[in-house]
Amino acid sequence: MVEIWTNQILQGVLLGGLYALFAIGLSLSVGVMRFVNIAHGDLIVMISFVLLSLTGGLGLPTLAAVAIVIPISFVGGYLLQRLLLQRVLGKDVLSIILVTFGLSIVIQNALQGVYGADIRKVGGGAIETATIPLSGNINVGVLPLVIFISATLLIWLLDLLLYRSRIGARIRAVSDSVATADLVGLRSARIYAIAMAIVGATMAISAGFMAIWTNFDPTSGPSRLLIAFEAVVLGGLGNLWGTLIGGIIIGVAQAVGAQFDAAWQVLAGHIVFLAIFLTRPQGLFPKY
Amino acid sequence: MFVGRIPLHRRSLLQAAGATVALTAVGGLPRVAFAVPKTIKVGLVMPATGPLAFFCEHVPFTLGQLKQTLGGKIKIHGTEHPYEIVVKDSQSSPNRAAEVTQELILKDKVDLVVGFATPETVNPVSDQCEANGIPCITSGAPLEPYFFGRKGDPKKGFDWTYHFFFSGQGLVGSLVPFFNRLDTNKRVGGLWPNDGDGLAQSDKERGFPAFYGQHGFSVVDPGRFDMPASNYNSQIAAFKAADVQIISGVVPPPEFTTFWNGAAQQGFKPRVVFVGKALEFPPAITPLGDRAIGLTTEVWWSKFHPYVSGLNGQSSAQLADAYEKASSRQWSLPLGFPHALFELVFDVLKRTQDLANAASIRDAIKATDYKSIVGPINFNKGPFPNCAQTPLVIGQWDKGKKYPYEMTIVDNSTAKDIPVGGEPHPIKYA
């Protein structure tokens, strides 16, 4: 019995790593840049399709394809912010939500037009099914472990960038007050665009893992968005480590809930989120 | 919505009703009515886009074949009548399916409606036809969700709507002899989600667990779950703890991939894996790689079936080859059914006494006794009224010759006329 519970909690923690990986980009845009990107999930799915074209169409190895896609997404994020999002930012909260919502619909239908409704997957090789037997009936999948470690590393890097570097200080300054930042000579539009470019790079990494970890189709973006949101809010806005912990809490809650009855899996995650949200609306570890 | 656009006054309605009565009366004199060619309109509703679209991949090919064979005309009792097929997309949504069916009936004024694939399509289409008194033939959804999903009464049945496919009871009846031929501990793990199919199959009294129980199998059921599920760790843990060797489930392909990768990561190695919906289509099987070998699917139609089309005389193998040639894609199970659906439509029209009379078309459907490319279809012999049950066999995936993975029929216990291509085998693990 103890073994089953230990196993479930362990698997829940690893799952939390994946949720955190999805949520990192969102954590940056919601927590630091202070706007809600409804198209976050769809952008990740779109990058997954690009990876599919590179690996399936051109026959590149998955790792090389991800390496190519990261700089492309970086530039893509920069241009997206500069050419589209920046135009509506700061006007009011609603317009940016509407624009990204529209973007989400455009991406889904464009993908459906180009790739069709088939369900796709990018092959990851032996790592997908590799397993490490720990003791007795407890196994740890290699892929979930790699994802968890990557999420931790990525958060550590982004945290350094945001709180220990010049550009990080500038991003935070613009995030605190655009008007004041402009007054001291910071070019807020450019800094926002750089922040979005960083978000783009994290999306490419999430897309790479998602494409290997599970199947995807043009409409699978929104379902990934919800849990990412919960992880960000639970951890506290602006706190990247908080996002990791938020993801782990949801992952463990789901695993433990499912142990009682499979019907409780998704619900348990939402209930724990709601309970913590009611007692601490600012999240567990808010930066602001 | 568009009903509002038709000016429907009390007086014109009464006049129209009067005219209909008059028309019906004239229809009683057969030979006179038949002399003039009448354009026959057939409405087709299917999920051409959205998550259910993979069922409809073959329909454009089928429609092309129809045009090639018939040339847009059909000979009925000596007179050539032009026909027209109006295609509507349900966008994989039941609401949209009902809406476009209304459009077909009220705006396009079709004589007959056909619907294809999943209860989410055929049920709303049939309900609209039933309410409007339009004859309707559907396929591509198991009989139970069709009949009971529409609150059908086994004593009364429906007046206007008819359906053919395999049944859930037929499925579990085909699975048990297949399981029995393999060496297992007879412990079945249920992977049944919280949706129409999952609830129907997991039902303790009318579903699969009762049937498995009667045949000496024990069932481990961890409970209904919502999809998309991020992982199947708890189910896998429960199956592992109970030493489950057979998986019986029904989930769509992305969910199955999550489950199947999770099983490998957790070191869970079932000997038999049958999962409906997920394992029927090559586009869903190929991404699994060699871990697709040995997976089990129910087979409602295949290129190995011994049936021949009454429409263009093609055998099942010829139909599959023609499709592969035209599309350069691998044949799959749903190919036979849209073909059979239109075989049936033209068979019905040829037997219709009075084309202008909906009830006459309906009577022709009711009297159907037809040998189609998916097997014999007779709406009076089904397990439920208005339903015809088509034969079912069991297949497993193996490494292919022409395509990376191909399906082989391994058990035909419930339909002996369909030839097997191999022996049942448990999944091998490295």
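All values reported here derive from a predicted model rather than from experimental measurement.

**Describing the overall build of chain B**
Link 1 in the chain: On a plain count of helices and strands, chain B comes out with 15 helices and 16 strands.
Link 2 in the chain: Its C-alpha atoms give chain B a radius of gyration of 23 Å, within 12% of the compact-globule value 22 Å for 430 residues.
Link 3 in the chain: Dimensions of chain B, computed from C-alpha atoms along their principal axes, come out at roughly 70 × 45 × 35 Å.
Link 4 in the chain: Burial analysis of chain B (430 residues in total) assigns 51% to the buried set.
Link 5 in the chain: Nonlocal contacts in chain B, meaning residues at least 24 apart in sequence, comprise 72% of its contacts between residues at least 6 apart.

**Topic: the interface of chain A and chain B**
Interface size, as often reported, equals the accessible area lost upon joining of the parts.
Link 1 in the chain: Residue-level contacts link 34 residues of chain A with 35 residues of chain B.
Link 2 in the chain: Take the side of chain A that touches chain B: its biggest share by element is five residues, from helix 1 (residues 2-32) of chain A.
Link 3 in the chain: Looking at side-chain class alone, the side of chain A that touches chain B contains twelve nonpolar, 17 polar and five charged residues.

**Digging into the sheet that holds strand 2 (residues 73-76) of chain B**
Residue and element names in this part refer to chain B.
Link 1 in the chain: Spatial ordering of the open sheet is given by 2-3-1-4-5-6-14, a layout of seven strands whose pairing is mixed. A single partner strand is all that each edge strand has here, and the edge strands are strand 2 and strand 14 (387-389). Each adjacent strand pair in this sheet contributes to an overall mean axis angle of 25°, direction not counted.
Link 2 in the chain: Strand direction decides the pairing type here: strand 6 (residues 161-165) and strand 14, joined by three bridges, are parallel. From the neighbouring strand, F164 faces strand 14, where its bridge partner is A388.

**Let's talk about helix 4 (residues 94-106) of chain B**
Link 1 in the chain: End to end, helix 4 of chain B covers 18 Å across 13 residues, agreeing with the expected 18 Å (1.5 Å per residue, within 8%).
Link 2 in the chain: Buried residues belonging to helix 4 of chain B abut strand 1 (40-46), strand 3 (79-89), strand 4 (112-116) and helix 5 (119-132) of chain B.

**A look at the packing of helix 5 (residues 142-164) of chain A against helix 8 (residues 188-213) of chain A**
Working note: a packed helix pair is described by the angle between its axes plus the distance between those axes.
Residues and elements named next belong to chain A.
Link 1 in the chain: Remark: helix 5 packs on helix 8, axes separated minimally by 11 Å, with the N-to-C direction vectors making an angle of 175°. The orientation of helix 5 relative to helix 8 falls into the category roughly antiparallel. On the side of helix 5, the interface is formed by L143, I147, S150 and L154, while helix 8 contributes T202, I205, F209, I212 and W213.

**Some thoughts on the environment of B:K401**
Link 1 in the chain: Its place among the elements puts B:K401 in the loop between strand 15 (393-399) and strand 16 (405-411).
Link 2 in the chain: Once the C-alpha coordinates of B:K401 and B:E423 are considered, the two residues, 22 residues apart in sequence, prove to be 18 Å apart.

**A look at the packing of helix 10 (residues 240-260) of chain A against helix 11 (residues 264-279) of chain A**
Residues and elements named next belong to chain A.
Link 1 in the chain: The N-to-C vectors of helix 10 and helix 11 enclose an angle of 135°; their axes lie 7 Å apart at closest approach. By the angle between their directions, the pair helix 10 and helix 11 is classed as oblique. Crossing handedness for the pair helix 10 and helix 11: right-handed. Facing helix 10, whose interface residues are I249, I250, A253, Q254, V256, G257, A258 and F260, helix 11 presents W264, Q265, V266, L267, A268, G269, V272 and F273.
Link 2 in the chain: Here the residues of the contact of helix 10 with helix 11 are counted per class, giving twelve nonpolar, four polar and no charged.

**Some thoughts on unusual backbone geometry**
All names here are of chain B.
Link 1 in the chain: Unusually for a residue other than glycine, H77 sits at a positive phi of about 50°.
Link 2 in the chain: With respect to the helices and strands, H77 occurs in the loop between strand 2 and strand 3.
Link 3 in the chain: By C-beta crowding, H77 is classed as partly exposed, having 13 other C-beta atoms within 10 Å.
Link 4 in the chain: A positive phi is found at S92, a non-glycine position, where the angle reads about 65°.
Link 5 in the chain: For S92, the location among the structural elements is in the loop between strand 3 and helix 4.

**Looking at helix 6 (residues 166-176) of chain A**
Residues and elements named next belong to chain A.
Link 1 in the chain: When helix 6 is considered as a whole, its buried residues turn out to be I171, V174 and S175. Down the axis of helix 6, the buried set is contained in an arc of 100°. They therefore lie on one face. Residues of helix 6 that are exposed and point over 90 degrees away from its buried face: R166 and D176.
Link 2 in the chain: In this fold, the buried residues of helix 6 make contact with helix 1, helix 5, helix 7 (178-183) and helix 8.

**So, the environment of B:I418**
Residues and elements named next belong to chain B.
Link 1 in the chain: Relative to the assigned elements, I418 resides in the segment after strand 16.
Link 2 in the chain: Residue I418 is classed as buried on the basis of its C-beta count, with 21 C-beta atoms lying within 10 Å.
Link 3 in the chain: Setting aside chain neighbours within four positions, we find I418 in contact with F304, H305, P306, P391, V393, I409 and N412.

**Concerning the pairing of strand 1 of chain B**
All names here are of chain B.
Link 1 in the chain: Counting buried positions along strand 1 yields six of seven residues, so the element is predominantly enclosed.
Link 2 in the chain: When strand 1 meets strand 3, the two strands line up parallel, connected through seven bridges. Within strand 3, the position partnered with M46 by the bridge is D89.
Link 3 in the chain: Bridge count between strand 1 and strand 4: four bridges; the pairing is parallel. Looking at strand 4, one finds that L44 is bridged to V114.

**Let's talk about the domain arrangement of chain B**
Residues and elements named next belong to chain B.
Link 1 in the chain: Domain boundaries in chain B define domain 1 (33-166 + 304-389) and domain 2 (170-299 + 392-411).
Link 2 in the chain: The C-alpha centroid of domain 2 is placed 30 Å from the C-alpha centroid of domain 1.
Link 3 in the chain: Contacts between the two partners involve eleven residues from domain 1 and, on the opposite side, 13 residues from domain 2.
Link 4 in the chain: The residue makeup of the side of domain 1 that touches domain 2, split by class, is six nonpolar, four polar and one charged.

Definitions and limits used
Each chain carries its own residue numbering, running from 1 in the written order of its sequence. The naming scheme follows written order: chains are lettered A onward, ligands numbered 1 onward. Local features in a predicted model are, by the rule used here, given only for residues with pLDDT of at least 70; side-chain atom pairs are given and counted only at 80 or more, and totals for whole chains, interfaces and linings are based on all residues. Helix and strand assignments come from DSSP, with helices taken as H or I runs of at least 4 residues and strands as E runs of at least 2, each series counted from the N terminus. For the radius of gyration, the atoms used are the C-alpha atoms, and the globule rule reads 2.2 Å times the number of residues raised to 0.38. Backbone-placed C-beta atoms define the burial measure: a residue is buried with 20 or more other C-beta atoms within 10 Å of its own, exposed with 12 or fewer, and partly exposed in between. What counts as a contact here is a pair of residues whose C-beta atoms, placed from the backbone, lie within 7 Å. Residues were grouped as follows: Ala, Val, Leu, Ile, Met, Phe, Trp, Tyr, Cys and Pro as nonpolar; Asp, Glu, Lys and Arg as charged; and all remaining residues, including Gly, as polar. Think of it this way: DSSP has to see at least two bridges between two strands before they count as a pair. Each axis is a line fitted through C-alpha atoms, and for a helix only the stretch in contact is used; angles between axes span 0 to 180 degrees, taken between their N-to-C directions. The span you would expect from a helix comes to 1.5 Å times its residue count less one. Here is the rule for angles: anything less than 35 degrees is roughly parallel, anything more than 145 is roughly antiparallel, 65 through 115 is roughly perpendicular, and the remaining ranges are oblique. Note: crossing handedness is left-handed where the near helix turns anticlockwise from the far helix by less than a right angle, and right-handed where it turns clockwise. The arc refers to the directions leading from the helix axis to the C-beta atoms. The source of the domain bounds is an automatic or database domain assignment.

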